[in-house]
Amino acid sequence: MTMDIHSHDDFQDELVEFALGILDGRARAALVDHVESCPECTERLQELSATADLLMYIPVGVEPPLGFESGIIERIRQSQPLPSRWRPRGWQLLAAAAVVVVSFGLGWTVDHAVSKPTTPVQAAGSMKQHVLEASGHDVGTVYAYSGSPAWMFVTVDVKGAPSTVRCTIITTSGTHRFIGTFALASGRGSWGANLPVSFKSVRNVVLSSDSGAVVAQFDNSTWNYPYTTTN
Amino acid sequence: MNSNATPSDEALLAGMASGDEVSTVAFVRRYQRRVFGLAVGILGDRGAAEDVAQEALFRAWRHAPVFDTRRGSVENWVLTITRNLSIDALRKRRSTPTDPDELVALARASTSAPMEEAVDSRSMSTSILHALESIPSDQRRAVVLASLYGRTALEISEIESIPLGTSKTRIRAGLTKLRSILESDVESSR
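Residue indices begin from 1 for each chain and proceed along its sequence in written order. The lettering of chains begins at A and the numbering of ligands begins at 1, in the order of writing. Two thresholds apply to this predicted model, a pLDDT of at least 70 for residue-level local features and 80 or more for giving and counting side-chain atom pairs, whereas whole-chain, interface and lining totals are computed over all residues.

A. The overall build of chain B, seen in detail. The helix and strand inventory of chain B stands at nine helices and zero strands. Looking at chain B residue by residue over its 190 residues, the buried ones come to 45%. By the convention adopted here, residues make contact when the C-beta atoms placed from their backbones lie within 7 Å. Counting only contacts in chain B whose residues sit at least 6 apart along the sequence, the fraction spanning at least 24 positions is 63%. For helices the rule is a DSSP run of H or I covering at least 4 residues; for strands it is a run of E covering at least 2, with both sets numbered from the N terminus onward. Three exposure classes are used, all based on how many other C-beta atoms lie within 10 Å of a residue's own C-beta (placed from the backbone): buried at 20 or more, exposed at 12 or fewer, and partly exposed between those limits.

B. Region of interest: the interface of chain A and chain B. Across the boundary between the two partners, chain A contributes 42 residues, which contact 60 residues of chain B. At the level of elements, helix H1 (12-20), helix H3 (39-54) and helix H4 (68-79) of chain A are the ones that each hand at least two residues to the side of chain A that touches chain B. Broken down by element, the residue count for the side of chain A that touches chain B peaks at seven residues, all from H4(A). Counted by class, the side of chain A that touches chain B contains 21 nonpolar, 12 polar and nine charged residues. Residues are grouped as follows: nonpolar covers Ala, Val, Leu, Ile, Met, Phe, Trp, Tyr, Cys and Pro; charged covers Asp, Glu, Lys and Arg; every other residue, Gly included, is treated as polar.

C. Representation of unusual backbone geometry. Unusually for a residue other than glycine, Ser186(A) sits at a positive phi of about 50°. The residue Ser161(B) is not glycine, and still its phi comes out positive at about 55°. Its place among the elements puts Ser161(B) in the loop between helix H8 (153-159) and helix H9 (164-189).

D. Highlighting the packing of H3(A) against H9(B). Relative orientation of the contacting elements H3(A) and H9(B) amounts to 85°, with a least axis distance of 10 Å. Between H3(A) and H9(B), the angle falls in the class roughly perpendicular. Residues Glu47(A), Leu48(A), Thr51(A) and Ala52(A) of H3(A) touch H9(B), and the partners they reach there are Leu175(B), Leu178(B), Arg179(B) and Leu182(B). Split into classes, the residues belonging to the contact of H3(A) with H9(B) amount to five nonpolar, one polar and two charged. Helix axes are fitted to C-alpha atoms over the stretch in contact, other axes to C-alpha atoms as well, and angles between N-to-C directions run from 0 to 180 degrees. Angles below 35 degrees are treated as roughly parallel, those above 145 as roughly antiparallel, those between 65 and 115 as roughly perpendicular, and all remaining angles as oblique.

E. Quick look at the pairing of strand E7 (residues 188-194) of chain A. Residues and elements named next belong to chain A. With respect to burial, E7 is a largely interior element, five of its seven residues being buried. Note on pairing: DSSP must find at least two bridges between two strands before they are called paired. With seven bridges joining them, strand E4 (residues 151-157) and E7 adopt antiparallel strand pairing. Note on E7: the bridge partner recorded for Val154 is Trp191.

F. A look at the pairing of strand E8 (residues 202-208) of chain A. Residue and element names in this part refer to chain A. As paired strands, strand E5 (residues 164-171) and E8 are joined by six bridges and run antiparallel to one another. Looking at E8, one finds that Ile169 is bridged to Val205. In this structure, E8 lies alongside strand E9 (residues 214-219), joined through five bridges in antiparallel fashion. Bridge assignment links Val206 to a residue of E9, and that residue is Gln217.

G. Broad picture of H3(A). One less than the residue count of a helix, multiplied by 1.5 Å, gives the span that helix is expected to have. With 16 residues, H3(A) extends 23 Å from end C-alpha to end C-alpha; this agrees with the ideal 22 Å at 1.5 Å per step. Turning to H3(A), its buried residues are Cys41(A), Arg44(A), Leu45(A), Leu48(A), Thr51(A), Ala52(A), Asp53(A) and Leu54(A).

H. Region of the structure containing H1(A). Counted residue by residue, H1(A) has seven buried out of nine residues, so it is predominantly covered. Looking only at H1(A), the buried set comprises Glu14(A), Leu15(A), Val16(A), Glu17(A), Phe18(A), Ala19(A) and Leu20(A). In the core, the buried residues of H1(A) are packed alongside helix H2 (25-35) and H3 of chain A together with helix H7 (137-149), H8 and H9 of chain B. One or two positions beyond H1(A), positive phi appears at Gly21(A), with a value near 80°.

I. Examining the packing of helix H3 (residues 46-63) of chain B against helix H4 (residues 74-93) of chain B more closely. Residue and element names in this part refer to chain B. Between H3 and H4, the least distance of the axes is 9 Å, while the angle of their chain directions is 140°. The angle between H3 and H4 places the two elements in the oblique class. The two elements H3 and H4 meet at a crossing, and its hand is right-handed. Of the residues in H4, those in contact with Ala48, Val52, Ala53, Glu55, Ala56, Arg59 and Ala60 of H3 are Val78, Ile81, Thr82, Leu85, Ser86, Ala89 and Arg93. Partitioning the contact of H3 with H4 into residue classes produces nine nonpolar, two polar and three charged. A clockwise turn of the near helix away from the far one marks a right-handed crossing, whereas an anticlockwise turn of less than a right angle marks a left-handed crossing.

J. View of the environment of Glu155(B). Its location among the elements puts Glu155(B) in helix H8. Through-space distance from the C-alpha of Glu155(B) to that of Leu145(B) is 9.2 Å; in sequence the pair is 10 residues apart.

K. Up close: the environment of Met152(A). For Met152(A), the position within the fold is in strand E4. As for Met152(A) and Asn194(A), which are separated by 42 residues in sequence, their C-alpha atoms are 6.6 Å apart.

L. Summary view of the confidence of the model for chain A. All names here are of chain A. Looking at chain A, the pLDDT average stands at 72 and 69% of residues meet or exceed 70. The low-confidence segment residues 81-124, where pLDDT is below 50, has 59 contacts with residues more than four positions distant or belonging to other chains. pLDDT gives the predictor's per-residue confidence on a scale running from 0 to 100. Counting interchain partners and residues more than four positions distant, the pLDDT-below-50 stretch residues 222-231 has 25 contacts.

This is the structure:
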C-alpha cells in the first residue's frame, strides 16, 4: 500500500459516490486505499452505504405476470443437474486450452504462460468453468482443471479493484488455503495456479485486497459446466 | 403456512442451498413482488423487468450457499442484485429511466394502498420516502438518479443541465441530509 497523503476531508464527494455505487474505477481505487487506513472514513462509508441501500425500498412491490413463479422454478429445476445457460466463448476456450499444455510453477500469468517451454499435462482431465462475481455482476471466469496436477485459471475485470489481489480458496471443510498474490492492471488480470487440493474439494475462490476486503469470488457448489479438453 | 412457523430468510437460503425445492418456492414467493417491483421502478418496462427479476432470483438461488449473513440482510442482498442487473439492462437498452419525481410520487401514492410486503419493508419504504420528501427537489432527483439508475455525477450534470460541480454537490448534500433525517427519526422514535 502506498502512503496516503490525503485527509478524510479530501474524500467526501468520493465517499458519497462510492456508497451510491457510481464512483469510477480510478477514483474508487484511490478511495479504497484511503479508507483502508482511515477509521473515520470507514465509519462514514458504512453510514452512507446503509442510507444508500434504503433507497432500494422506494419502488413498491408489483405483482409479477402470470407464469413468473413457475418460470423461475422451472429454470432452477433444469439448472440443478447441469445448467445450460453457459456456453464458452471462443477466446475463453482458447485461453483455457492454452494453459492445459503449459508447464507451470505455483502461479503464472497468461503472458508468462504462453512464452514458457511447454510440457503436456500427463493425464487429460475435465475442465469446468465458473462465473466470478462481485456485487451481483459477472466480473470474470474461473476455469478449473481436474487432472493431475489440478489447477485453475482465472480471468477478472473489476472496476476499482486494487493493483494486487490475494487469491484464497476455501475448501468444503472450511479450510482457507492461500494461493498467491496476483497483479491487476486497471482492474484486469489473468493468471493460473496449481491447486493444493482437488477442485472437487474447493467450495469458494476468493479474491481480496491486502486488507481482506473481498474484491470478487465464486461459488463452486452449484454451478458446474464440465467439458473435456481435447489435447 | 402458519405465521408463527414462517421460516427466516436465512433458513430459506439454507434450504435452497441444500436443494430443497419447498424452500426455493417459498423464497421466490416471498421476494418476487419486491424484486419485480424494483425492476419495474428502475426500468419502467414490465417485459424487461420480468427478465431482470427472473435473473435476480435465479442468481440468489445459485449463490445461496455462499451468502454471508455478516455482510447484511438477505433482503438487501437480493435487492442489490436486482438493482445492479436493472442498471446493467438500462445501460444496454440505452433507454430513459422513469423520472425520479414520478417514481417518488408513485411510491407515495402506493403507501396508502394495501401492501403485501413484510412490516419491516413497509416501514423502511415509509421512512425513506419521508426523508426524501424532506430534502430539496434538486437533491432528491440527483440522489435517486444515482442510487436507483446508476447515473454518475457527470451523467446527472448532463441530464439536469448543470455543471459537474453542482451535480456532485447535490448528490453529496442529498445523501448526507437523508442520513441526518433518518438518524433523527430513529432518535425521536426511542
